[in-house]
Amino acid sequence: MTTTKPSTTNPITNTDRVLIFDTTLRDGEQSPGASMNLAEKLEVARTLETLGVDIIEAGFPVASPGDFEAVKAIAEQSTRSIICGLARALKGDIDRAAEAVKPAGKRARIHVFLATSAIHRQFKLNKVKEEIVKQARESVAYAKTLIDDIEFSPEDASRTEPDFLAEVVQAVIEAGARTVNIPDTVGYAYPNDYADLITYLRANVKDIDKAVISVHCHNDLGLAVANSLAAVRAGARQVECTINGIGERAGNCSLEEVVMAMRVRKDMFGGITTGIASAHLYGASRLVQSITGLMVQRNKAIVGDNAFAHESGIHQHGMMKNPECYEIMTPKSVGVPETNLVLGKHSGRAALGKHLETLGLGVSESDMGKLFDAFKVLADRKKEVYDGDLIALVEEVVRGRTVDSWVLDYLHTASSSGEGAGSGALATATVRLKKGEQRIIDAATGDGPVDAAVQAINRICGFTGSVEDFRLRAVTKGGDAQGEVSIRVRVKPVGEDGPGIVVGGKGLSTDIVHASALAYLDAINRVAFQTGRLDYRNATV
Ligand code: KIV
Ligand code: ZN
């Protein structure tokens, strides 16, 4: 099928909006070690709605009962975004997805996918072209009987023969797909070629104007954002992306980068915009970092710690004369926290709530009480409370909600100092953990106070672990700044074989050793929750 049809509209001068389809909760969650619990997924979904995301891909309902429940709960909670569930082109998958997204009512979408490239047809599906077209058409037609808003993805589209791709796309549009997504599944595409592919489909699919063209780019060659932008210039009107670009392997197109590239370089897009409230980008990025434990590199565009830091004297001088000498967007425009004092210990709950709203942080009513208590404690301890402190506090409260988690009740460490100390000198730690009424105390030695605290926690919880990555950052400036420790650890229950599970953890305190112990315990709680191994040693003190 290749009916050549001249493209009637100029893709760039067409002033439509580009829809932002966020898949942090589906493709993003497929990043190794990024799994989120239900409460965390709900928090991310709330934040995505505040950010102005048009479509939230909430999960893959058939994948597990947990995925199903999460998609359903997000659909129930949602108020404005379209809620989408992924399904293979199979009846059982589609039924499950339909049931999960149904609570979103008119805002429910099913995303059906089926691979189309020669390599996938031969080695993965063992199907010929005709069978693929038939399955794609029938699965979309079936999904359409359950939910009106259907999206179809020919997986590995960028490596599919263009004429066959056009045939599949025409078939699914005829069957009722309203969105046709053209995934660069393995991150192989190159901006010019990918844009040409979109142009080709616009010219060669008879009914292409009946559907929105979407793009979904992976970042294996670091080209996901460039490819997505090239596709928008060629006429795509939906971009699939994730917060911080997390996702399978090297990740997906980064939401914050694609949104700001379109905003800052409007001239390249003929006035086409997205509906994203960019001042909430930083808050969303921080939340996803904190929940997944996947920390963005300092020099990451838009949301990295160094994105707006000017080190050289020449730059600083230029910045003082006119920020536009070296800044193409302001930190404020993407929500990087101001260093002004924002709230103090006399601020009330309403003021705190209002301020969180301006930061784009969607704290549920039930978390607000806990957050306000934590804020009061911090405001008492610190002279000044900044936006960065508030963002970190929200993350702390959200993360602390894992069911059945152990809490650090007491920590005392001692390390040798003076003559003979240094490498080889032992430190000791005494740790008491509590969960409900249960309290367990133990002590251990280690290479330093952090290692000693980790060993004591291991003894109590029955895990062994090694720290694979450790990062410390000051949340704000000043001697009394809170230190935020983010770690990735590989842990496994004592006596169990195998490589263990890699998991992230985070801790926040004005004391670094305390923050480290909190981060390690956070990781242990997550692994215990994921593996269902909550049967800690039963020694109560
Ligand atoms: O990368 C991909 O092809 C996907 C599809 C399911 C859209 O994630
Ligand atoms: Zn993908």
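For the structure itself, consult the block above.
Keep in mind it's a predicted model, so treat the numbers as computed, not measured. (Residues numbered from 1 in each chain as written. Chains lettered and ligands numbered in written order. Predicted model: local features only at pLDDT ≥ 70, side-chain atom pairs only at ≥ 80, totals over all residues. Heavy atoms only, no water.)

Would you mind going over the site of ligand 1 with me for this structure?
Around ligand 1 sit R26, D27, H111, F113, S153, E155, P183, T185, H216 and H218, and that is every residue in its neighbourhood. Within the contact set of ligand 1, an oxygen atom lies 3.1 Å away from a side-chain nitrogen or oxygen of H216. A distance of 3.0 Å separates an oxygen atom of ligand 1 from a polar atom in the side chain of H218. In isolation ligand 1 offers 260 Å² of accessible surface; the protein chains occlude 93% of this area. At the level of secondary structure, the elements contributing two or more residues to the shell around ligand 1 comprise β4 (108-115) and β5 (149-155). Considered class by class, the residues forming the shell around ligand 1 number two nonpolar, five polar and three charged. (Near = heavy atom within 4 Å. Polar contact = N/O pair within 3.5 Å; in protein donor to acceptor, adjacent residues only side chain to side chain. Areas by Shrake-Rupley, 256 points an atom, 1.4 Å probe, with all protein chains shown as cover. Helix = DSSP H or I, 4+ residues; strand = E, 2+ residues; numbered from the N terminus. Nonpolar A, V, L, I, M, F, W, Y, C, P; charged D, E, K, R; others polar.)

For this particular structure, what's the right way to read the sheet that holds β4?
Paired through backbone hydrogen bonds, the strands of a sheet run either parallel or antiparallel to each other. Reading around the barrel, the eight strands line up as β1-β2-β3-β4-β5-β6-β7-β8 and close back on themselves, with parallel pairing between neighbours. For this sheet, the mean angle separating the axes of adjacent strands, direction not counted, is 25°. Sheet topology places β4 next to β5; seven bridges connect them, and they run parallel. Bridging from a neighbouring strand, I110 pairs with I150 of β5. Sheet strands in contact with helix α2 (residues 65-77) are β2 (55-59) and β3 (82-88), and its direction is about 150° off that of β2. (Pairing = 2+ DSSP bridges. Axes fitted to C-alpha atoms, helices over the stretch in contact; angles between N-to-C directions. Contact = heavy atoms within 4.5 Å.)

I would appreciate a short explanation of the packing of helix α1 (residues 38-51) against α2 in the present structure.
For any two helices packed against each other, the geometry is given by the interaxial angle and the distance between the axes. Running from amino to carboxyl end, α1 crosses α2 at an angle of 40°, the nearest separation of the two axes being 10 Å. Relative to α2, the crossing made by α1 is right-handed. Packed against α1, whose contacting residues are L38, K41, L42, A45 and R46, the element α2 presents D67, E69, A70, A73, I74 and Q77 at the interface. Split by residue class, the contact of α1 with α2 holds six nonpolar, one polar and four charged. (Left-handed = near helix turned anticlockwise from the far one by under 90°.)

I keep staring at helix α8 (residues 224-233) and nothing clicks. Help me out?
Spacing of three or four residues puts side chains on the same side of an α-helix, whose turn is 3.6 residues. The element α8 is largely enclosed, with a buried count of eight among its 10 residues. Listing the buried residues of α8 in full gives A224, V225, N227, S228, L229, A230, A231 and V232. Buried residues along α8 sit against β6 (179-184), α7 (191-204), β7 (212-217), β8 (238-241) and α9 (255-264). Within two residues after α8, G235 carries a phi angle of roughly 125°, on the positive side. (Buried < 20%, exposed > 50% of the residue type's maximum accessible area, 1.4 Å probe, protein only.)

Teacher, can you tell me more about the environment of N252 here?
Residue placement: N252 occurs in the loop between β8 and α9. Residue N252 is classed as buried on the basis of its relative accessible area, which comes to 2%. Through-space distance from the C-alpha of N252 to that of T23 is 8.8 Å; in sequence the pair is 229 residues apart. In this view, N252 contacts T23, D27, H216, C217, H218, N219, A224, T242, G245, I246 and G247; residues no more than four positions away in its chain are not counted. Among the polar contacts made by the side chain of N252, one reaches the side chain of D27 at a distance of 3.1 Å.

What exactly am I supposed to notice about the packing of α8 against α9 here?
Where α8 meets α9, the axes come as close as 10 Å, and the angle between the chain directions of the two elements is 45°. Classified by the angle between their axes, α8 and α9 sit oblique to one another. By crossing handedness, the relation of α8 to α9 is classed as right-handed. Packed against α8, whose contacting residues are V225, S228, L229 and V232, the element α9 presents E257, V258, A261 and M262 at the interface. Within the contact of α8 with α9, the residues separate by chemical class into six nonpolar, one polar and one charged. (Parallel < 35°, antiparallel > 145°, perpendicular 65-115°, else oblique.)

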